[in-house]
Amino acid sequence: MNVNMYSINHESLTDYSNRLNGYSPFIFLQKRIIDLSISGFLLIISSPIIAYTIYRIKKESPGPIFFTQPRVGLHGKKFTCYKFRSMHTNASFNPYTEEQDPRIFKYGNIMRKMRIDELPQILNILKGDMHLIGPRAEWDILVEKYETIIPNYKQRHSVRPGITGLAQISYPYGRNIYDAKQKLKYDLIYIKNWSLWLELKVAVKTAGVVFGKKGV
């Protein structure tokens, strides 16, 4: 499976943005059914991992189990996003994560690599803040910055964000404005070209990332 199934070299962000109005009621219904079905299943099968993760966090880095942060969702509205904490509580402030970041404790690196830290976001899905698949739920501080620099950045908020998405599986972790622009292209492509087949492709590729494979 080639996750770069749509070219982003021949259409500008404006070309895509002019055609985005969010999901139709029928598409939203399909995504909501997928969200609730898969999230419930994940919650059940991942319960041992969740229990072990709580144990490792307590062992390696005293402090809260969960990390909460204001993120930007549908129509630019803020919501509280839940994740397992992967950094030490006394970590210095930096909006971007670096390679071999000293703020991240040992099991935190494992959580990030296997996306385990994202599991608490199932609660966000059940609450209706997020979809399973969609644009990344970005930190409100970064969104304010991006919206002043990147044209049409607000268009990604025409739909609810997701735990995983086409941008997340197609492009490396973003560390600057350039990366944010590239990932925005994938977000807009995903919204414009949504289909059950594309949803399946992203889900399968994500599973490959989680289990340490390249996907098919």
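Residues numbered from 1 in each chain as written. Predicted model: local features only at pLDDT ≥ 70, side-chain atom pairs only at ≥ 80, totals over all residues. Heavy atoms only, no water.

Can you help me understand helix 4 (residues 106–114) in this one?
Turn by turn, an α-helix covers 3.6 residues, leaving residues three or four places apart pointing in a common direction. Turning to helix 4, its buried residues number three or more, namely Tyr107, Gly108 and Met111. With its buried residues spanning 105° around the axis, helix 4 presents them on a single face. Away from its buried face by more than 90 degrees, helix 4 exposes Lys106 and Lys113. Buried residues along helix 4 sit in contact with helix 3 (47–60) and strand 2 (78–84). (Buried < 20%, exposed > 50% of the residue type's maximum accessible area, 1.4 Å probe, protein only. Helix = DSSP H or I, 4+ residues; strand = E, 2+ residues; numbered from the N terminus. Arc of directions from axis to C-beta. Contact = heavy atoms within 4.5 Å.)

Explain the packing of aromatic side chains here, please?
Aromatic ring pairs: the centre-centre distance and the angle between the two ring planes describe each pair. Taken as a whole and judged by the stated rule, the model has four aromatic pairs. Pairing Tyr52 with Tyr107 gives two aromatic rings, centres 5.7 Å apart and planes at 85°, and the pair type is edge-to-face. Residue Tyr52 is found in helix 3, and its partner Tyr107 is found in helix 4; the two are separated by 55 residues along the sequence. On the accessibility criterion, Tyr52 (39% relative accessible area) is partly exposed. A residue is classified by how much of its surface remains accessible, and Tyr107, at 4% relative accessible area, is buried. Here the aromatic rings of Phe66 and Phe84 are separated by 5.4 Å at their centres, their planes lie at 15°, and the arrangement is stacked. Here the residue Phe66 occupies a position in strand 1 (residues 66–72), and Phe84 occupies one in strand 2, the gap between them amounting to 18 residues. (Phe/Tyr/Trp six-rings, centres within 6.5 Å; stacked < 30°, edge-to-face > 60°.)

Is there a simple way to think about the pattern of salt bridges in this case?
Side chains that differ in sign of charge can pair as their charged atoms come close. By the definition in use, this model includes eight salt bridges. A salt bridge links Glu60 to Arg56; the nearest nitrogen and oxygen atoms lie 2.5 Å apart. With Glu60 and Arg56 both in helix 3 and four residues apart, the pair spans about one turn of that helix. Arg136 is the salt-bridge partner of Glu138, the closest N and O atoms lying 3.7 Å from each other. A relative accessible area of 11% places Glu138 in the buried class. A relative accessible area of 23% places Arg136 in the partly exposed class. Connected through salt bridges with shared partners, the residues Lys83, Asp117 and Glu118 form a single ionic network. (Salt bridge = Lys/Arg side-chain N within 4 Å of Asp/Glu carboxyl O.)

What's the story with the pairing of strand 2 in this structure? I'm lost.
The side chains of a regular strand alternate, first on one face of the sheet and then on the other. Bridging between strand 1 and strand 2 involves seven bridges; their strand directions are antiparallel. Paired with Phe66 across the bridge in strand 2 is Phe84. Counting the residues between successive antiparallel strands, the hairpin from strand 1 to strand 2 contains five residues, one of them, His75, with a positive phi of roughly 60°. (Pairing = 2+ DSSP bridges.)

Where do I start with unusual backbone geometry in this structure?
Peptide bonds are, in most cases, trans, and in most cases residues other than glycine have a negative phi. With a phi close to 60°, His75 is a non-glycine residue in the positive phi region. With a relative accessible area of 61%, His75 lands in the exposed category. The backbone of Arg115 shows a phi angle near 65°, a positive value even though the residue is not glycine. By the element assignment, Arg115 lies in the loop between helix 4 and helix 5 (121–127).

Whenever I open this one, the packing of helix 3 against helix 4 confuses me. Can you help?
Helix packing for two helices is described by the angle between their axes and how far apart those axes are. Taken N-terminus to C-terminus, the directions of helix 3 and helix 4 make an angle of 145°; their axes are 9 Å apart at the nearest point. Touching Tyr52, Thr53, Arg56, Ile57 and Glu60 of helix 3 are Lys106, Tyr107 and Met111, all from helix 4. Residue composition of the contact of helix 3 with helix 4, grouped by class: four nonpolar, one polar and three charged. (Axes fitted to C-alpha atoms, helices over the stretch in contact; angles between N-to-C directions. Nonpolar A, V, L, I, M, F, W, Y, C, P; charged D, E, K, R; others polar.)

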